[in-house]
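Fold and contact review
Here's the letter readout for the chains.
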There are 2 protein chains.
Amino acid sequence: MVSRKEVADRAGVSSAVVSYVLNDRKIVKEETRRKVLQAIEELGYQPNLLARSLKTKKTKQIAVLVNYLGNPFEAGILLHLEHELREHGYFVFFHTYRKEEEDQLKSVFMGRVDGILLLGQSLQASTVADFESREVPVVSVMQPGQAGSRIAYRDLDWEAELLKLIRHLQEQGHTRIGFMSGEIASASHYEVRFEGFLRALAAAGLTWHPEDQLDGGGRFEDAERALGVRLAAGKAPFTALVGANDLMAAGCLSACRGAGVRVPEELAVAGCENILMSAQTDPPLTTLHYPRQPMATEAVGLLLAMIDGVQADMKALDGELIVRGSTVRIHG
Amino acid sequence: MVSRKEVADRAGVSSAVVSYVLNDRKIVKEETRRKVLQAIEELGYQPNLLARSLKTKKTKQIAVLVNYLGNPFEAGILLHLEHELREHGYFVFFHTYRKEEEDQLKSVFMGRVDGILLLGQSLQASTVADFESREVPVVSVMQPGQAGSRIAYRDLDWEAELLKLIRHLQEQGHTRIGFMSGEIASASHYEVRFEGFLRALAAAGLTWHPEDQLDGGGRFEDAERALGVRLAAGKAPFTALVGANDLMAAGCLSACRGAGVRVPEELAVAGCENILMSAQTDPPLTTLHYPRQPMATEAVGLLLAMIDGVQADMKALDGELIVRGSTVRIHG
DNA sequence: TTGTAAGCGTTATCAT
DNA sequence: ATGATAACGCTTACAA
């Protein structure tokens, strides 16, 4: 690999001058500057970013930890995160990991990134503390579950949003509503939605029956299976079911179809997020729209502020209820 | 940041010994080994990977360049790529970029990765040549279009696969079949599918009408709009339409619904890839299944071999035709 | 305006 | 079995 020294030799200057040129210091005489640039060109020289970062302690890299790339909702947020960060001169990369590999993260990211964005992942408090003690700020795009309660985040106010949905279901005559969350055991952002749901349910004056909670694992297939098992065992005790995300809600639709349960007549189904697929299902899915782009902008703004040493503050974004055929009978 | 030197001091040894311990050299006396490990523990020391890579010239990192994360098909492949690479001790990260930013890639990746995987991206020949001259092998998961013809890849044999689909459509009585590709102008992997389609069409004895090609931009929304415009302008001249991917085919279904065109009676629609959504659309989508996991395994194997200096070879994988309601009338 | 040289945190060679 | 020490490619005082 061609290094700074070779460029310097060819240009007939010292290696420092090459650095000056590369870092756009105005002090270099125009003529030498040209000589250096020409040498760089001729040799096809590329600065070694590892070496640079080692020296400057700045990588201009941000890691985005993703839970499940197969969820198109999260993929959509990624797009916006990346765009936003690029605008600020950062290089973004995505990474997924499993709980068991969490400790590897510390060693893998240490020194390699200026900050970390969490997307549907929740790190252990100790891991976050570790990063922060090493000046690597961590921001979560959605509120992590209990385990990650110390992490700065941006999210919707789920109680308020789900209340909109519950009110809508009430208007349709439903009084008993079930909820499908994802991976109940592992504190995830679905847990936050579930808790918001419980508070909203109480606010709407409805009672919660613990047996109305289903575990859809966050994914289409798991959700389909989970509801399928319930339906096979007899009629569901609830008349409406809310999925913590659209992917699971869509899985529920599929389960209903499989079990011969008519939607929305026998069971109303709704989701959260409003993914592309939701308008295409049969029937189309009623859902809470999650504003991806504003969310990404907010989260990135927060992270960059923290990199600059600013304290994190609180702020909730607004969602929107989108009513479709999975909760209301379409006439005609 | 706590460094090797501090660990050495606390353990009462030299920094070299710390390296020996960290790199699991058997030569260290058990007692000193323990002292060093304890010092590491107490100080919460993490090796600086930048420094290590700078010295060893190995990063154990692989970059995956992604075209469009919003496509669940590509997201699914990513999952498998990551799993596969992790098994081999590599750290994977994903990155997306636009054509205009291609030259930035060289500087950004140079020295930071041991290899590059392309997923639906096609780099300019010069960029690839540049990486390879610097010993950074590049492998594409799907065959890139013309522009990237020098890149090693793994893909389906599209002519063979699409012939299965065309035969199926012929059995349903279709003789004129349209094709929707994505971003015709920019040589992408969709171009490869289109060319395969043309060859398959000829092999099936059907004639191709250039006006039967649509540009669906690779995405659901663009596809919906493209076919929508056609249908608004009058009846399509073809009775069956094949999308270069399922996302576009699903967009076509939506366009048909919007235009009051019955599927499959008035227009049969089929896609490629078999994404999750395809079984959920109304009607469900006939498609060519793309085996993601075997694909990922193959591509990773090829890349790792090239990192080890082995020459790339050729090999095509097998897909599978999945017939659903968008091409055949379901009875009952 | 340019050159010298120290240092970033490692690994690896060579002594000891 | 362990310790000095020279790289790796870069930035940056400081000196010239």
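Now for a quick tour of the structure.

Rules of the game
Residues numbered from 1 in each chain as written. Chains lettered and ligands numbered in written order. Predicted model: local features only at pLDDT ≥ 70, side-chain atom pairs only at ≥ 80, totals over all residues. Heavy atoms only, no water. Contact = heavy atoms within 4.5 Å. Buried area = accessible area lost by both parts, 1.4 Å probe. Salt bridge = Lys/Arg side-chain N within 4 Å of Asp/Glu carboxyl O. Helix = DSSP H or I, 4+ residues; strand = E, 2+ residues; numbered from the N terminus. Buried < 20%, exposed > 50% of the residue type's maximum accessible area, 1.4 Å probe, protein only. Polar contact = N/O pair within 3.5 Å; in protein donor to acceptor, adjacent residues only side chain to side chain. Near = heavy atom within 4 Å. Nonpolar A, V, L, I, M, F, W, Y, C, P; charged D, E, K, R; others polar. Least-squares fit on C-alpha atoms with pLDDT ≥ 70 in both. Core = buried A, V, L, I, M, F, W, Y, C linked by side-chain atoms within 4.5 Å. 1 Å grid on protein atoms, 1.4 Å probe; cavity = no way out; pocket = protein on both sides within 12 Å on 5 of 7 lines; lining within 4 Å. Points joined across faces, edges and corners; volume = space filled by probe spheres on them. Expected span 1.5 Å × (residues − 1). Pairing = 2+ DSSP bridges. Axes fitted to C-alpha atoms, helices over the stretch in contact; angles between N-to-C directions.

On to the interface of chain B and chain A, then. Contacts between the two partners involve 47 residues from chain B, matched on the other side by 47 residues from chain A. Of the roughly 4,600 Å² buried where chain B meets chain A, counting both sides, 61% is carbon and sulfur surface. Taken as a group, Leu-50, Arg-112 and Gln-280 of chain B account for 16% of the area that chain B buries against chain A, more than any other trio of residues on that side. Of the charged contacts, one joins Glu-101 of chain A and Arg-86 of chain B as a salt bridge, the two residues approaching to 3.3 Å between their closest N and O atoms.

This part is about the environment of Ser-254 of chain A. Examined against the element boundaries, Ser-254 of chain A turns out to sit in helix α11 (residues 246–259). According to the relative accessible area criterion, Ser-254 of chain A is buried, its value standing at 9%. Separated by 28 residues in the primary sequence, Ser-254 of chain A and Asp-282 of chain A place their C-alpha atoms 8.6 Å from one another. With residues near it in sequence (within four places) discarded, Ser-254 of chain A still touches Phe-220 and Glu-224 of chain A together with Gln-280 of chain B. Within the local environment of Ser-254 of chain A, its side chain forms a polar contact with the side chain of Glu-224 of chain A, the two groups lying 2.6 Å apart.

This part takes up the protein's contact with DNA strand D. Around DNA strand D, a shell composed of 27 residues is seen, among which Arg-4 and Tyr-45 of chain A together with Ser-14, Thr-32 and Lys-55 of chain B lie nearest. Across the atoms of DNA strand D situated within 4 Å of the protein, the share located in sugar and phosphate is 61%. Tyr-20 of chain B is positioned such that a nitrogen or oxygen atom in its side chain is 2.8 Å from a base oxygen of DNA strand D. When residues of the surface near DNA strand D are traced back to their parent elements, those giving at least two are α2 (15–22) and α4 (49–56) of chain A together with α2 (15–22) and α4 (49–56) of chain B. For the surface near DNA strand D, the element with the most residues is α4 of chain A, which contributes 4 residues. Looking at side-chain class alone, the surface near DNA strand D contains 12 nonpolar, 8 polar and 7 charged residues.

Here two copies of a chain appear, and what relates them is a rotation about an axis with a shift along it. Least-squares fitting of chain B to chain A yields an RMSD of 0.2 Å, with the transformation described by 0.1 Å of translation along the axis and a rotation of 180°. The symmetry that links the two subunits is that of a two-fold axis. Mapped onto chain A, 100% of the interface residues of chain B are again interface residues, and the two copies thus contact each other with one and the same surface.

This brings us to the nonpolar core. Nonpolar side chains tend to gather and get buried jointly when the protein is soluble and globular. Judged by nonpolar contacts, the single largest core of 160 residues is most densely connected at Leu-117 and Leu-227 of chain A together with Leu-117 and Leu-227 of chain B. Formed by 36 residues, the second largest nonpolar core is a distinct cluster that contains Ala-63 and Leu-105 of chain A together with Leu-118 and Val-128 of chain B.

Let's shift gears to empty space enclosed by the protein. Scanning all chains against the criterion turns up 1 cavity of 30 Å³ or more. Of the voids in this model, the largest cavity is the one considered here, and its volume is about 40 Å³. Lining the largest cavity, in full, are Leu-50, Gln-61 and Arg-112 of chain A together with Leu-50, Ser-53, Thr-59, Gln-61 and Arg-112 of chain B. For the lining of the largest cavity, a count of residues per class yields 2 nonpolar, 4 polar and 2 charged.

This part covers helix α11 (residues 246–259) of chain B. In an α-helix there are 3.6 residues to a turn, and that puts residues three or four apart on one side. All names here are of chain B. The first and last C-alpha atoms of α11 sit 20 Å apart over 14 residues, in line with the 20 Å expected at 1.5 Å per residue. Burial analysis of α11 places 11 of its 14 residues in the buried class, which makes it a mostly covered element. All of the buried residues along α11 are Asp-246, Leu-247, Met-248, Ala-249, Ala-250, Gly-251, Cys-252, Leu-253, Ser-254, Ala-255 and Cys-256. Considering only its buried residues, α11 is in contact with α5 (72–87), β7 (177–181), α10 (220–232), β9 (240–243), β10 (268–273) and β11 (286–289).

Turning to the sheet that holds strand β11 (residues 286–289) of chain A, a few remarks are in order. The strands that make up a sheet pair up through hydrogen bonds in the backbone, lying either parallel or antiparallel. Residue and element names in this part refer to chain A. Here we have 6 strands laid out as an open sheet, ordered β8-β7-β9-β10-β11-β13, and mixed in their pairing. Lying at the two open borders of the sheet, with one neighbouring strand each, are β8 (213–215) and β13 (320–322). Neighbour-to-neighbour, the strand axes of the sheet open up by a mean angle of 20°, direction not taken into account. The pairing of strand β10 (residues 268–273) with β11 spans 4 bridges and is classified as parallel. Bridging from a neighbouring strand, Glu-273 pairs with His-289 of β11. Together, β7 (177–181), β8 and β9 (240–243) form the strand contacts of helix α10 (residues 220–232), whose direction differs from that of β8 by roughly 135°.

With that settled, consider the protein's contact with DNA strand C. For DNA strand C, the set of nearby residues contains 26 residues, the closest of which are Ser-14, Tyr-20 and Lys-55 of chain A together with Arg-4 and Tyr-45 of chain B. Backbone atoms, meaning sugar and phosphate, form 59% of the atoms of DNA strand C found within 4 Å of the protein. Between a base nitrogen of DNA strand C and a side-chain N or O atom of Lys-55 of chain A, the distance comes to 3.1 Å. Residue Lys-57 of chain A places a side-chain N or O atom 3.0 Å away from a sugar or linking oxygen belonging to DNA strand C. Within the residue set of the surface near DNA strand C, elements represented by two or more residues are α2 and α4 of chain A together with α2 and α4 of chain B. Grouping the amino acids of the surface near DNA strand C by side-chain chemistry returns 12 nonpolar, 7 polar and 7 charged.

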